[in-house]
Amino acid sequence: MALPVQDERTMPAVVLKDLDRRPLDHTLAEFVALIEQYGYVVVVYSDAVPEAVVRRLHTLRSLLESDRIALFRPGLPPLGIAVLARQLRQLASCDLSPGVLASAGRLLTHYIHSGAVLGSVAKLDRVPVGLKAHAKSWMPSTHFGVVAHPEPQLVRIAPDAVLNGPEFSTWMLVARGQLQSDWVGGLAKSWGAHGLRETPLPAESAVWWGTGRMIEFTSYLADLSVLYQLVTSVRQTSCHWCGIDVIGDRCVFCSATPPDHDPPAPRALEQRTPA
């Protein structure tokens, strides 16, 4: 899902539709056109997409024999994926090299808190679920609050239910499925969010969470200046294989790992009182 632009500088998204159902030559021509237009392509996708889509992406990259295509599948729920993709689109307007921009995705995932309010956890396999929670899933009107990233958490929703959130100021994005609940609004306040915004539910969310009876939420950094400062504060290196500038312990374009490289620790953000 491509989220609307955050501000006038946010670059537009290119949605790769029906990769597994369209003819190979059509999708190949689409990638060639993207590389010719932009120079580099960063594909951000969820691990809930069909395996046939993943195979097609790797096939296209192999056929083009190109180190200008980065395939990035972070361990985030679908709404978190959409938020991360928009953050990269925001940063694309800055003076960052393609390798630094693409590898910034791994860094920014540390600052995304993603979860959901679920009507059932009977089919949830992304977060550890105890037998008691499984049993309570069959009770009418039982809802659960779940955080999948950065650390798994699960609580049965009650007046005293608490989920640990970010220790820095964020916005919260909410996508409502087939569930009615006001609990997520209270969660946004307890997390000190600047505000709450709503968006349609991503297509992969029901598969990822194991139910359509849900409300997905993601807490994230919206300020471009903060995102830019985070990325540029990390030491850049040149990939020893393809020569592109990167941050982190792996080149996102050729997948080479620098020898004896220690990956940077995520930088702590100061807690700020929402305006």
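Remember, predicted model here, so these are calculated numbers, not experimental data.

The rules behind the values
Residues numbered from 1 in each chain as written. Predicted model: local features only at pLDDT ≥ 70, side-chain atom pairs only at ≥ 80, totals over all residues. Heavy atoms only, no water. Helix = DSSP H or I, 4+ residues; strand = E, 2+ residues; numbered from the N terminus. Areas by Shrake-Rupley, 256 points an atom, 1.4 Å probe, with all protein chains shown as cover. Contact = heavy atoms within 4.5 Å. Axes fitted to C-alpha atoms, helices over the stretch in contact; angles between N-to-C directions. Parallel < 35°, antiparallel > 145°, perpendicular 65-115°, else oblique. Nonpolar A, V, L, I, M, F, W, Y, C, P; charged D, E, K, R; others polar. Core = buried A, V, L, I, M, F, W, Y, C linked by side-chain atoms within 4.5 Å. Buried < 20%, exposed > 50% of the residue type's maximum accessible area, 1.4 Å probe, protein only. Salt bridge = Lys/Arg side-chain N within 4 Å of Asp/Glu carboxyl O. Phe/Tyr/Trp six-rings, centres within 6.5 Å; stacked < 30°, edge-to-face > 60°. Lys NZ or Arg CZ within 6 Å of the ring centre and 35° of its normal.

A. Just the overall build of the chain, in detail. The helix and strand tally for the chain stands at eight helices and ten strands. Summed over all atoms, the accessible surface of the chain reaches about 13,700 Å², with 51% contributed by carbon and sulfur.

B. Highlighting the environment of Gly 195. Relative to the helices and strands, Gly 195 is located in the loop between α6 (183-190) and β7 (196-199). Between the C-alpha atoms of Gly 195 and Met 172, which are 23 residues apart in sequence, the distance is 6.3 Å. Ignoring anything within four residues of it in the chain, the contact list for Gly 195 reads Thr 170, Trp 171 and Met 172.

C. Molecular detail of the packing of helix α4 (residues 98-108) against helix α8 (residues 224-232). Their axes nearest at 10 Å, the elements α4 and α8 cross at an angle of 100°. One finds that α4 runs roughly perpendicular with respect to α8. Contact residues: Val 100, Ala 104, Leu 107 and Leu 108 in α4; Leu 227, Leu 230 and Val 231 in α8. Of the residues in the contact of α4 with α8, the class split is seven nonpolar, no polar and no charged.

D. Layout of the nonpolar core. Residues Leu 91, Leu 96, Leu 108, Leu 221, Val 231 and Ile 247 are the most contacted members of the largest nonpolar core, which totals 32 residues. When residues of this core are traced back to their parent elements, those giving at least two are α3 (78-91), α4, β6 (171-176) and α8. A per-element tally of this core places α3 first, with seven residues. Beyond its immediate sequence surroundings of up to four residues, Leu 91 is in contact with Leu 96, Leu 101, Leu 108, Leu 224, Leu 227, Tyr 228 and Val 231. With 16 residues, the next largest nonpolar core counts Val 147, Leu 163, Val 174 and Trp 191 among its residues.

E. Focus on the environment of Lys 123. Position of Lys 123 among the secondary structure elements: in the loop between β3 (113-118) and α5 (131-136). Under the relative-accessibility criterion, Lys 123 is labelled exposed at 67%. Residues Lys 123 and Val 207, 84 residues apart in the sequence, show an inter-C-alpha distance of 9.5 Å.

F. Focus on the pattern of salt bridges. The final tally for this structure, using the stated rule, is six salt bridges. The residue Asp 18 makes a salt bridge to Arg 21 at a minimum N-O spacing of 2.5 Å. For Asp 125, the salt bridge is made with Arg 126, and the minimal N-O distance between the two is 3.7 Å. Judged by its relative accessible area of 62%, Asp 125 falls in the exposed class. Judged by its relative accessible area of 29%, Arg 126 is partly exposed.

G. Geometry of the packing of aromatic side chains. Summed over all chains, the structure comprises four aromatic pairs. Where Trp 191 meets Phe 217, the ring centres are 5.9 Å apart and the plane angle is 75°; that geometry is what we call edge-to-face. Taken together, the positions of Trp 191 in the loop between α6 and β7 and Phe 217 in strand β8 (residues 214-220) put the pair 26 residues apart, joining distant regions of the chain. Judged by its relative accessible area of 5%, Trp 191 is buried. The lysine or arginine in question, Arg 197, covers the ring of Trp 171, its NZ or CZ lying 3.7 Å from the ring centre.

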